[in-house]
Amino acid sequence: IFFSMPEGIVLTRTPLREYDEVISFITRDFGRVDVLAKGIKKITSKLSPHLEPLSYLSFDSVQGKEMMILTTVSTIEFFPQVRTHYIKSLQAEFAAHALHRLTRPGNLEYGVFDLFSGWLQTLGQVTHISDCRFLDWFMLKLMGAIGFEPTYGACVRCGRTEDLSFWSFGGGGVICTHCSLDNFEGDTPFRISPQSIRDLSRLSVGNPEQLSEDPGFVPGVHSLLVGHLQYQTEAKIGNWAHTCIEA
């Protein structure tokens, strides 16, 4: 079977045997696609320079015995403004890592490819990065695209939209004061500030191009996103705070 020229962005390269690697792409039409790049670790490989993580390219592959085998690639975009900036590259690499962890080959999550490619374009264009807002925005949108968006507009227990002062990682979102008094097995709601909820809402509806002009978000928003993702998914994503050094 010949798999003709889909477009994808390289997420990861995983070593396999002495000279081979498995290349993971995120694509618009097929979701995550894993292909075998044979001989890519040889000095003479012509494919290797095109397959660095974050490369946006089109590629051909054929069906092998165990998986698709990469045959040709053509680079579309290399995102040089991201690669040559230390903090931007850290954030982009973490986003690619998270995408790889949260997706599976054969599962098509609509909008994920466009979300990632658009975010990379915006990341390359911004002139100043401060705190975690760009990556927080991407991670929040990614959670929504794959079905794990936190609930912050109404109590996850009763649906109330007022007096939202607690958060439940097990429940997946905000809890009103009344419901916080109920018995939660293995998950104790903790108090959060009203500003955290307002900032989470701003982050959700905000435009990434405008984030650099925003006065900023309280640190609690980042902590909520990290904790929510860790609790709600089985994937080991980690905390992306190390990518958010002011630059």
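Sequence positions are assigned chain by chain, starting from 1 and proceeding in written order. Reporting in this predicted model follows two pLDDT cut-offs: at least 70 for local features of residues, and 80 or more for side-chain atom pairs to be given and counted; totals over whole chains, interfaces and linings ignore these cut-offs and use all residues. For the side-chain quantities, the full set of heavy atoms in the structure was used; hydrogens and water were omitted.

### Things to note about the sheet that holds strand E7 (residues 164-168)
What the three strands build is an open sheet, ordered E8-E7-E9; its pairing is antiparallel. Edge positions in the open sheet fall to strand E8 (173-176) and strand E9 (190-191), since each of these has one partner strand only. Strand pairing is assigned whenever DSSP identifies at least 2 bridges connecting the two strands. Segments assigned H or I by DSSP are reported as helices when at least four residues long, segments assigned E as strands when at least two residues long, and all are numbered from the N terminus. Of the strand pairs in this sheet, E7 and E9 are connected by two bridges, and their pairing is antiparallel. In the sheet register, Trp167 faces E9, and the bridge partner there is Phe190.

### Things to note about the packing of helix H4 (residues 133-145) against helix H7 (residues 219-232)
Here an angle of 0 to 180 degrees is reported between the N-to-C directions of two axes, which are lines fitted to C-alpha atoms, with helices fitted over the stretch in contact. Across the interface, H4 lies against H7 with an axial gap of 11 Å and an inter-helix angle of 35°. Helix-helix and strand crossings are classified by hand; for H4 and H7 the assignment is left-handed. Contacts from Asp136, Met139, Leu140 and Met143 of H4 reach H7 at His222, Leu225, His228 and Leu229. Side-chain classes follow a simple rule in which Ala, Val, Leu, Ile, Met, Phe, Trp, Tyr, Cys and Pro form the nonpolar group, Asp, Glu, Lys and Arg form the charged group, and the remainder, Gly included, forms the polar group. Its residues assigned to classes, the contact of H4 with H7 comprises five nonpolar, two polar and one charged. Crossings are classed by handedness, with left-handed meaning an anticlockwise turn of the near helix from the far one by less than a right angle and right-handed meaning a clockwise turn. Here a residue-residue contact requires only that any non-hydrogen atoms of the pair lie within 4.5 Å.

### Description of the state of the cysteines
A covalent bond between the sulfur atoms of two cysteines is referred to as a disulfide. In what follows, a disulfide is any cysteine sulfur pair within 2.5 Å. Within the structure shown, the criterion is met by zero disulfides. Among the cysteines around Cys155, which has no disulfide bond, Cys179 carries the closest sulfur, lying 3.8 Å off. Owing to a relative accessible area of 5%, Cys155 belongs among the buried residues under this scheme. No disulfide involves Cys176; its sulfur sits 3.6 Å from the nearest other cysteine sulfur, which is in Cys179. Under the relative-accessibility criterion, Cys176 is labelled buried at 1%. The cut-offs for exposure are 20% and 50% of the maximum accessible area for each residue type, with area from a 1.4 Å probe on protein chains only; residues under the lower value are buried, those over the upper are exposed, and the others partly exposed.

### Focus on H4
A helix is expected to span 1.5 Å multiplied by its residue count minus one. Taking 1.5 Å as the rise per residue, H4 with 13 residues should run 18 Å; its terminal C-alpha atoms sit 18 Å apart, in good agreement. Taking burial as the measure, the 13 residues of H4 include 10 buried ones, the bulk of the element. Along H4, the positions that sit buried rather than exposed are Arg133, Phe134, Leu135, Asp136, Trp137, Phe138, Met139, Leu140, Leu142 and Met143. On its buried face, H4 is in contact with helix H2 (86-102), helix H3 (112-125), helix H6 (194-205) and H7.

### Examining the packing of H2 against H4
Packed helices, taken two at a time, are described by the angle between their axes plus the distance between the axes. Contact geometry of H2 with H4 gives a least axis separation of 10 Å together with a crossing angle of 15°. In this view, H2 runs roughly parallel relative to H4, as classed from their interaxial angle. Note that H2 runs across H4; the crossing there is right-handed. From H2, Gln91, Phe94, Ala95, Ala98, Leu99 and Leu102 reach across to H4, where they touch Phe134, Leu135, Phe138, Met139 and Leu142. Here the residues of the contact of H2 with H4 sort into 10 nonpolar, one polar and no charged. To sort the angles, those under 35 degrees are grouped as roughly parallel, those over 145 as roughly antiparallel, those from 65 to 115 as roughly perpendicular, and the leftovers as oblique.

### Notes on the layout of surface pockets
Grid spacing is 1 Å over the protein atoms alone, the probe is 1.4 Å, and a cavity is where that probe fits but cannot get out, while a pocket is an open set with protein on both sides within 12 Å along at least five of seven lines and lining residues have an atom within 4 Å of a point. Grid points are joined across faces, edges and corners, and a volume is the space filled by probe spheres set on the points. Considering only enclosed or pocket space, the largest pocket measures out at about 180 Å³ in volume. Lining the largest pocket are Arg101, Leu102, Thr103, Arg104, Asn107, Glu109, Ile146, Phe148, Thr233, Glu234 and Ala235. Residues of the lining of the largest pocket, tallied by class, amount to four nonpolar, three polar and four charged.

### Observations regarding the nonpolar core
Formed by 60 residues in total, the largest nonpolar core has its most connected members in Phe116, Trp119, Phe138, Met139, Leu142 and Trp240. Going through the elements one at a time, strand E2 (7-16), H2, H3, H4, E7, E8, H6 and H7 are the ones with two or more residues in this core. Looking at this core element by element, the count peaks at nine residues for H2. In contact with Phe138, not counting residues within four places along its chain, are Ala95, Leu99, Leu115, Phe116 and Trp119. For the purposes of this section, nonpolar cores are sets of buried Ala, Val, Leu, Ile, Met, Phe, Trp, Tyr and Cys residues that join through side-chain atoms within 4.5 Å.

### As for the pattern of salt bridges
Opposite charge on two side chains permits pairing when their charged atoms draw close. Basic side-chain nitrogens of Lys or Arg form a salt bridge, by our definition, when they fall within 4 Å of a carboxyl oxygen of Asp or Glu. In the structure shown here, the tally under the stated rule is seven salt bridges. With a closest N to O distance of 2.7 Å, Arg28 and Asp114 form a salt bridge. With Arg28 in the loop between strand E3 (20-27) and strand E4 (31-37) and Asp114 in helix H3, the pair connects residues that are 86 residues apart, well separated along the chain. According to the relative accessible area criterion, Asp114 is partly exposed, its value standing at 41%. The network of salt bridges with common partners includes Arg13, Glu21 and Glu52.

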